[in-house]
Amino acid sequence: MSASDRFGGAAVASGMVVAGLICQEVGAGVAVLLFPSTGPVGTVTLRLVFSAMLLLAIFRPHFRGRSRADWLTVAGFGVVLGAMNVLFYLALERLPLGPTVTIEYLGPLVLSVVIARRASAWLWAALAFAGVALLGRGGFDHLDPIGVGFAAGAGVLWVGYILMSARTGKRFARLDGLAIAAAIGGLGVLPFGIATAGSAFLDPSVLLFGLGVAVLSSAIPYGLELLALRRLPADTFSILLSLAPALAAGAGFVVLHQTLEVWDLVAIALVVVASMGAVRAANRRRELPPAGEITP
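Residues numbered from 1 in each chain as written. Predicted model: local features only at pLDDT ≥ 70, side-chain atom pairs only at ≥ 80, totals over all residues. Heavy atoms only, no water.

1. Description of unusual backbone geometry
Reasoning step 1: Even without being glycine, Arg60 reaches a positive phi, approximately 45°.
Reasoning step 2: For Arg60, the location among the structural elements is in the loop between helix H1 (3-59) and helix H2 (68-92).
Reasoning step 3: Even without being a glycine, His257 presents a positive backbone phi close to 60°.
Reasoning step 4: Inspection of the secondary structure puts His257 in the loop between helix H10 (244-256) and helix H11 (262-284).
Reasoning step 5: Owing to a relative accessible area of 65%, His257 belongs among the exposed residues under this scheme. (Helix = DSSP H or I, 4+ residues; strand = E, 2+ residues; numbered from the N terminus. Buried < 20%, exposed > 50% of the residue type's maximum accessible area, 1.4 Å probe, protein only.)

2. Quick look at the packing of aromatic side chains
Reasoning step 1: Considering all chains together, one arrives at five aromatic pairs under this definition.
Reasoning step 2: Aromatic side chains Phe35 and Tyr89 sit 6.2 Å apart centroid to centroid with 55° between the ring planes, which places their arrangement in the tilted category. Taken together, the positions of Phe35 in helix H1 and Tyr89 in helix H2 put the pair 54 residues apart, joining distant regions of the chain.
Reasoning step 3: For Tyr89, a relative accessible area of 0% translates into the label buried.
Reasoning step 4: Considering the side-chain rings of Phe63 and Trp71, the 6.3 Å spacing of their centres and the 10° angle between planes classify their relative orientation as stacked.
Reasoning step 5: Since its relative accessible area comes to 44%, Phe63 is described here as partly exposed. (Phe/Tyr/Trp six-rings, centres within 6.5 Å; stacked < 30°, edge-to-face > 60°.)

3. A closer look at the pattern of salt bridges
Reasoning step 1: Enumeration according to the criterion identifies two salt bridges in this entry.
Reasoning step 2: Residue Asp70 is joined to Arg171 by a salt bridge in which the shortest nitrogen-to-oxygen separation is 2.8 Å. Note that Asp70 is positioned in helix H2 and Arg171 in helix H6 (residues 145-171), a separation of 101 residues in sequence.
Reasoning step 3: Judged by its relative accessible area of 10%, Asp70 is buried.
Reasoning step 4: On the basis of relative accessibility, which here comes to 37%, the residue Arg171 falls in the partly exposed class.
Reasoning step 5: Across the pair Arg94 and Asp144 runs a salt bridge, and its minimum N-O distance is 3.2 Å. (Salt bridge = Lys/Arg side-chain N within 4 Å of Asp/Glu carboxyl O.)

4. A word on the packing of H2 against helix H7 (residues 176-197)
Reasoning step 1: Where H2 contacts H7, the two axes come as close as 7 Å, and the packing angle between them is 55°. What the angle tells us is that H2 and H7 run oblique. In this structure, the crossing between H2 and H7 has a hand that is right-handed. Contact residues: Trp71, Val74, Ala75, Phe77, Gly78, Leu81, Gly82 and Val86 in H2; Gly177, Leu178, Ile180, Ala181, Ala182, Ile184, Gly185 and Val189 in H7.
Reasoning step 2: Class assignment of the residues belonging to the contact of H2 with H7 gives a composition of twelve nonpolar, four polar and no charged. (Axes fitted to C-alpha atoms, helices over the stretch in contact; angles between N-to-C directions. Parallel < 35°, antiparallel > 145°, perpendicular 65-115°, else oblique. Left-handed = near helix turned anticlockwise from the far one by under 90°. Contact = heavy atoms within 4.5 Å. Nonpolar A, V, L, I, M, F, W, Y, C, P; charged D, E, K, R; others polar.)

5. Let's talk about the environment of Leu143
Reasoning step 1: When you line up the elements, Leu143 lands in the loop between helix H5 (119-136) and H6.
Reasoning step 2: On the basis of relative accessible area, Leu143 is assigned to the buried category, the value being 6%.
Reasoning step 3: When the C-alpha atoms of Leu143 and Pro96 are compared, they prove to be 8.7 Å apart, with 47 residues separating the residues in sequence.
Reasoning step 4: With residues near it in sequence (within four places) discarded, Leu143 still touches Leu95, Pro96, Pro99, Leu135 and Val148.

6. Let's talk about the side chain of Thr102
Reasoning step 1: Along the polypeptide, Thr102 turns up in helix H3 (residues 97-104).
Reasoning step 2: When its relative accessible area of 1% is taken as the criterion, Thr102 is described as buried.
Reasoning step 3: Looking at Thr102, its side chain comes within polar contact range of the main-chain oxygen of Gly98, at 2.8 Å.
Reasoning step 4: Ignoring anything within four residues of it in the chain, the contact list for Thr102 reads Leu135, Pro245, Ile268 and Val271. (Polar contact = N/O pair within 3.5 Å; in protein donor to acceptor, adjacent residues only side chain to side chain.)

In structure tokens form, the structure reads like this:
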């Protein structure tokens, strides 16, 4: 393969990653539109249940012959996946999409810094926290403090998601483990979703929106990531994922008409730059979990 072919393939794969991220953040914006009907927990329930149905239908994972350790691992993965999404959607109920993703992104960023074990990596961490401090501007008075707490909690659980995803990936082929974990997470959240959404789950338009959220937030991004990872190295893929806070701010503006002040945009840009630097530092250690396993 010529250099131009490799460059073209990498460019197409990079476009796939960015397109997947855009779909994911637009899906989060569409999810917010469901909140008046189903609430954040009901919306999470629709996303996880429909995502699980799609993943189970596509990958048809094998359930027989699994060890007790396999089931404990994937069950833990499912619990973390469900809880992380619940906290993220609870944060979206109170915060704009851009700041929510920015605060949440601190979780994997800190993990990247710890994995890197390099003094320079802590400079990226300092830059990221400066961005978050700027986002709060001395106090999160202009942002709902409870929403900030939910977003931070989602970030902590994202670290657990990364670690559990890596463990599950060693025990289950392809996305079999993710499909089973999504089913476990969906079933775990389902009683709370029914309790909060009630008869809204019987509305065909609500179900259609929920399916759309699942397709945009899960099915399309996962599919594009699988294709992209065949052509992109893990470090390049991870750096592209660092664009998520900026793309979330854009999706919030387009889908939800959420506007941010100039300093908020500068803060998000600082976190994006810091994330890219921290990911590069971590990948130099070659200890970061495969990039395809770190997207929620």
